[in-house]
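Reading the structure
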Amino acid sequence: MTTVSERGGAPVERTELREILLIAADEDVVHVRQLVRKAAVAAKLSLVDQTKLVTAASELARNTLAYGGGGQVTVEVVDDGRRVGVRAEFVDEGPGIPDIGRAMSDGYTTGGGLGLGLGGARRLVDEFELDTKVSLGTRVTVTKWAR
Amino acid sequence: MDRVPILKIGDVLLVSIQVDLEDKTAIQLQEDVADRIVASGAHGVIIDITGLDIVDSFVGRMLSSIAAISRVLGADTVVVGMRPAVAITLVELGLSLEGIQTALNVERGMRILAEARQGPRLHRDERGSTAEAAAPR
């Protein structure tokens, strides 16, 4: 299992807002954006931070659909004792990512997009974790904290 | 599937995106704008994204393609009404909206298109009359 992790670590307490959505079709990307927006408002993220998180979630949901062959997202409001935030975990059982370094770099794409999805999403959130195993699937977890 | 309406004002097409865009809707919009330019002979396209609360790389690419397609069909495109939070996010995402002209609102977008239309006309008129250039805006 290959893992890319940034500033992860501290244990967090899950709050009661926790929802799971399937990502199986085009319109589900819109549903993911709406769910993440709802959680971001509940966690009192600023408007700019809401926008960044929802944009990152949109990129990741599309990746789950386009590269992972569909999957699911778990969106929850989390609390680490000092602050409140939103965590979204995208899971698919697709082919996995053989070369993470390249997949994370801007401009690299195997799907005909702009190649900004993963790298761009990482820049928009506070914590970014990527677990992937070739032929088994990919899990991307992002967190944004209220300031 | 929702479809984004396209209005015609003079020789300008006004596309006002008011729904949370599904990918399919965005692709359909590219085709609709191309068809309308050809059918109407419009020289300009204004895309109003006031209603969009995010622009991700897919929508960004869609805006770039509409601008490129319009250019090939002889029309200029101006994207107007971007929200501040969207602008901040786009820059951080690394999306440059290449080849896209932007303006704060529809009014300024219309002015940019009008000026672009006057440019070549002035160039052709080389007998000294610069009355158009001096005309008040």
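Cut-off values and rules
- Residue positions within a chain follow its written sequence, with the count starting from 1.
- Going through the entries in the order they are written, you letter the chains from A and number the ligands from 1.
- Given that the model is predicted, a residue must reach a pLDDT of at least 70 before its local features are reported, and side-chain atom pairs must reach 80 or more before they are shown or counted; all residues, however, enter totals for whole chains, interfaces and linings.
- Calculation of side-chain values draws on the structure's entire complement of heavy atoms; hydrogens and water are dropped beforehand.
- Think of it this way: any DSSP run of H or I at least four residues long counts as a helix, any run of E at least two long counts as a strand, and we number them from the N terminus.
- Relative accessibility under 20% of the residue-type maximum defines a buried residue, over 50% an exposed one, and the middle range a partly exposed one, all with a 1.4 Å probe and only protein chains included.
- Residue contacts follow a heavy-atom distance rule, with two residues in contact if any of their heavy atoms lie within 4.5 Å.
- What sets the accessible areas is the Shrake-Rupley method with a 1.4 Å probe; for residues, cover comes only from the shown protein chains.
- Only protein atoms enter the 1 Å grid used here. Points where a 1.4 Å probe fits but cannot escape make up a cavity, open sets with protein on both sides within 12 Å along at least five of seven lines make up a pocket, and a residue lines them when an atom lies within 4 Å of a point.
- Grid points are joined across faces, edges and corners, and a volume is the space filled by probe spheres set on the points.
- For this scheme, ten residues count as nonpolar: Ala, Val, Leu, Ile, Met, Phe, Trp, Tyr, Cys and Pro. Four count as charged, namely Asp, Glu, Lys and Arg, and the remainder, Gly too, count as polar.
- By definition, two strands form a pair when at least two bridges between them are found by DSSP.
- Angular values range over 0 to 180 degrees, each being the angle between N-to-C directions of two axes fitted as lines to C-alpha atoms, with helices fitted over their stretch in contact.

In the annotation of an unreviewed UniProt entry, the entry for chain B reads Anti-sigma factor antagonist, and the organism field reads Planosporangium flavigriseum.

An unreviewed UniProt entry annotates chain A as Anti-sigma regulatory factor of Planosporangium flavigriseum.

Observations regarding the overall build of chain B
Within chain B, the secondary structure is distributed over 5 helices and 5 strands. Order of helices (α) and strands (β) in chain B, N terminus to C terminus: β-β-α-β-α-β-α-β-α-α. The 137 residues of chain B split such that 42% are buried. Within chain B, residue pairs in contact and separated by at least 24 positions form 71% of the contacts whose partners lie at least 6 positions apart. As presented, chain B carries roughly 7,300 Å² of accessible surface, and 53% of it is formed by carbon and sulfur atoms.

Observations concerning empty space enclosed by the protein
As enumerated under the stated definition, the model contains 1 cavity of 30 Å³ or more in all. If you trace the largest cavity, you find it lined by Arg33(A), Asp20(B), Leu21(B), Leu52(B), Asp53(B), Ile54(B), Asp56(B) and Val59(B). For the lining of the largest cavity, the residue count by class is 4 nonpolar, no polar and 4 charged.

Observations concerning the sheet that holds strand β2 (residues 12-16) of chain B
Residues and elements named next belong to chain B. Spatially, β1-β2-β3-β4-β5 is the arrangement adopted by the 5 strands of the open sheet, whose pairing is mixed. Only two strands of the sheet have a single partner each, and these edge strands are β1 (6-9) and β5 (101-103). Each neighbouring strand pair of the sheet contributes to a mean axis angle of 25°, computed without reference to strand direction. Where β1 lies against β2, 4 bridges are found, and the strand directions are antiparallel. Paired with Ile9 across the strands is Val12, a residue of β2.

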